[in-house]
Amino acid sequence: MPKQNRVTPWGELVAVEARGSLMGNRGGCLHDENQQIRRYQTNQHWIICKLEFKERHRSVMSPHRYTELFFLDEAVALAAGHRPCVECSRERFQSFRQFWLQARSNLAAQPVSAPEIDQVLDSERLNPYIRDWRAKKRTYTAPLSELPTGTFITRLDRATPFLVLPDKLLKWDSNRYAYGAPVERPADEQVRVLTPATIVKMLSLGYPVQIKSEV
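To start, this report covers the structure provided alongside it. (Residues numbered from 1 in each chain as written. Predicted model: local features only at pLDDT ≥ 70, side-chain atom pairs only at ≥ 80, totals over all residues. Heavy atoms only, no water.)

**Considering the overall build of the protein**
Right, so step 1: Looking only at helices and strands, one finds 5 helices and 12 strands in the protein.
Right, so step 2: Dimensions along the principal axes, computed over C-alpha positions, put the protein at roughly 50 × 45 × 35 Å.
Right, so step 3: Expressed as a percentage of its 215 residues, the buried residues of the protein come to 50%.
Right, so step 4: Pairs at least 24 residues apart make up 65% of the contacts formed inside the protein by residues separated by at least 6 positions. (Helix = DSSP H or I, 4+ residues; strand = E, 2+ residues; numbered from the N terminus. Buried < 20%, exposed > 50% of the residue type's maximum accessible area, 1.4 Å probe, protein only. Contact = heavy atoms within 4.5 Å.)

So, in structure tokens, the structure goes:
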């Protein structure tokens, strides 16, 4: 029985057989003694980790331990509102922080701390007063022509996410926890953006997002 710890671009936690290429957490224990998810976060520190680090081994969803979450790739993790871990992915975090400063036009304020980044991301990813996940996710509309590679969007009349690439869109396949066949990227249309606004600016500036594609 798969555990409910795969993260979608919406930030939802789903139970699927597929493995992810990255791990992460949301600051603590989200599950109960029966490995059932009971909360969506414990604090603002939503991070992305390597699957392996210093030969550490964990039993997934152990009682009273932080809940291990898994992502197909970094693009999915960023869309959900996570950022690289300072410990296991220090170089990745340093790159993320430099692009973050540029995106926030705040180079004079270096160095910005991980908690300061987390506070902004928390305000950009979730509406704290709504319980339903898809209603809880903060989104905004933008012209597709202005969005960079690595951004997750939905068309305004649909709930299905698409990953933006230079000349096409990759449809998110929730059943396989993978990307489906590519579709033509329209010249322009208004879309709903799932990836937090500051991260979209980082992608526009050239942040080298990691994308796992089998198509």
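From this point, things continue past the structure.
**Re the packing of aromatic side chains**
Right, so step 1: According to the stated counting rule, one finds 7 aromatic pairs in the structure shown.
Right, so step 2: A ring pair is formed by Phe96 and Trp100, whose centres lie 6.0 Å apart and whose planes are at 25°; its orientation type is stacked. Of this pair, Phe96 and Trp100 both sit in helix 2 (residues 90-103), 4 residues apart, which is roughly one turn of the helix. Exposure class is identical for Phe96 and Trp100. Each is buried.
Right, so step 3: For the ring pair Phe99 and Tyr207, a centre distance of 5.7 Å and an interplane angle of 80° mean the geometry is edge-to-face. Of this pair, Phe99 sits in helix 2 while Tyr207 is found in the segment after helix 5 (197-204), placing the two residues 108 residues apart along the sequence.
Right, so step 4: With relative accessibility at 4%, the residue Tyr207 sits in the buried group.
Right, so step 5: Following the ring pairs from residue to residue traces out a cluster consisting of Phe96, Phe99, Trp100 and Tyr207. (Phe/Tyr/Trp six-rings, centres within 6.5 Å; stacked < 30°, edge-to-face > 60°.)

**Things to note about the nonpolar core**
Right, so step 1: Residues Phe96, Trp100, Phe152, Tyr179, Met202 and Tyr207 are the most contacted members of the largest nonpolar core, which totals 42 residues.
Right, so step 2: Mapped onto this core, the elements with two or more residues apiece are strand 5 (69-71), helix 1 (74-80), helix 2, helix 3 (114-125), strand 10 (168-173) and helix 5.
Right, so step 3: With sequence-adjacent residues up to four places away left out, Phe96 is seen in contact with Leu78, Arg83, Pro84, Ile117, Ile199, Met202 and Tyr207.
Right, so step 4: The next biggest cluster of nonpolar side chains, apart from the first, holds 10 residues, and it includes Leu144, Val164, Leu169 and Val193. (Core = buried A, V, L, I, M, F, W, Y, C linked by side-chain atoms within 4.5 Å.)

**Some words on the pattern of salt bridges**
Right, so step 1: Applying the stated rule across the entire model yields 7 salt bridges.
Right, so step 2: Here Glu74 makes a salt bridge to Arg92, at a shortest N to O gap of 2.5 Å. Taken together, the positions of Glu74 in helix 1 and Arg92 in helix 2 put the pair 18 residues apart, joining distant regions of the chain.
Right, so step 3: Between Arg104 and Glu124 there is a salt bridge, with its nearest N and O atoms 3.6 Å apart. (Salt bridge = Lys/Arg side-chain N within 4 Å of Asp/Glu carboxyl O.)

Keep in mind these numbers describe shape, not what the thing actually does.
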